[in-house]
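# Coordinates in review
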Amino acid sequence: AEIEQAICDTLSAKSMKILSKYNPKSFVVCGGVSANEHVKSTLIWALQYTKQSTHLHVPRLTYSTDNAAMIGAYANFNFSPINWENVTPNPELHF
């Protein structure tokens, strides 16, 4: 529970900082993170506490899937093993 609270606090603080800087009309939280009730409630509270006029959009739980599930499904149907020694890591990989 402590790690979840730390994550929520950090996500909330950084979100409020960027929202106050740019003052957008909408803020979307999606993916696996949006399935976490504590994250949603923390962001809702932070928006109210900071009196942000930004509208928070969070999809229904049905649409809050984790990308890891999609990656796993892709790997399952496109399995092409290679030796791990042939993998070249690139921490600056951009898409």
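Right above here is the structure, for reference.
Residues numbered from 1 in each chain as written. Predicted model: local features only at pLDDT ≥ 70, side-chain atom pairs only at ≥ 80, totals over all residues. Heavy atoms only, no water.

Across all of its chains, the model carries 1 salt bridge by this definition. Here Lys-40 ties to Glu-37 by a salt bridge, and the two come within 3.0 Å at their closest N and O atoms. One end of the pair is Lys-40 and the other is Glu-37, both in helix α2 (residues 37-49) and 3 residues apart, which spans about a single turn. Take Lys-40: its relative accessible area is 16%, and that puts it in the buried class. (Salt bridge = Lys/Arg side-chain N within 4 Å of Asp/Glu carboxyl O. Helix = DSSP H or I, 4+ residues; strand = E, 2+ residues; numbered from the N terminus. Buried < 20%, exposed > 50% of the residue type's maximum accessible area, 1.4 Å probe, protein only.)

Let us now look at the packing of aromatic side chains. Across all of its chains, the model carries 1 aromatic pair by this definition. Summarising the aromatic geometry, the rings of Trp-45 and Tyr-49 are spaced 4.8 Å apart at their centres and angled 15° between planes, so their arrangement reads as stacked. Here the residue Trp-45 and the residue Tyr-49 both occupy positions in helix α2, the gap between them amounting to 4 residues, near one helical turn. (Phe/Tyr/Trp six-rings, centres within 6.5 Å; stacked < 30°, edge-to-face > 60°.)

Moving on to the state of the cysteines. Across all of its chains, the model carries 0 disulfides by this definition. Summary of cysteine pairing: Cys-8 is not part of a disulfide, and the nearest cysteine sulfur, belonging to Cys-30, is at 16 Å. (Disulfide = S-S within 2.5 Å.)

Within soluble globular proteins, side chains that are nonpolar tend to cluster in buried spots. Ranked by size, the top nonpolar core spans 10 residues in total: Cys-8, Met-16, Leu-19, Phe-27, Val-29, Val-39, Leu-43, Ala-46, Leu-47 and Leu-56. Of all the elements in the fold, those that place two or more residues in this core are α1 (2-22) and α2. Among the elements that take part in this core, α2 stands out by supplying 4 residues, more than any other. Other than its neighbours up to four places away in sequence, Val-39 contacts Cys-8, Leu-11 and Val-33. (Core = buried A, V, L, I, M, F, W, Y, C linked by side-chain atoms within 4.5 Å. Contact = heavy atoms within 4.5 Å.)

With that settled, consider unusual backbone geometry. Glycine aside, residues mostly have negative phi, and peptide bonds are mostly found in the trans state. Unusually for a residue other than glycine, Asn-23 sits at a positive phi of about 50°. For Asn-23, the location among the structural elements is in the loop between α1 and β1 (26-28). Take Asn-23: its relative accessible area is 48%, and that puts it in the partly exposed class. Its identity is not glycine, yet Lys-51 carries a phi of approximately 55°, on the positive side. With respect to the helices and strands, Lys-51 occurs in the loop between α2 and β2 (55-57). Taking the relative accessible area as the measure of exposure, Lys-51 reaches 72% and is therefore exposed.

Moving on to the packing of α1 against α2. Running from N to C, α1 and α2 cross one another at 40°; their axes reach a closest spacing of 9 Å. For the element pair α1 / α2, the angle class is oblique. In this structure, α1 crosses over α2, and the sense of that crossing is right-handed. Between α1 and α2, the contacting residues are Glu-4, Gln-5, Cys-8, Leu-11, Ser-12, Ser-15, Met-16 and Leu-19 on the first element and His-38, Val-39, Thr-42, Leu-43, Ala-46 and Leu-47 on the second. Across the contact of α1 with α2, the residue classes break down as 8 nonpolar, 5 polar and 1 charged. (Axes fitted to C-alpha atoms, helices over the stretch in contact; angles between N-to-C directions. Parallel < 35°, antiparallel > 145°, perpendicular 65-115°, else oblique. Left-handed = near helix turned anticlockwise from the far one by under 90°. Nonpolar A, V, L, I, M, F, W, Y, C, P; charged D, E, K, R; others polar.)

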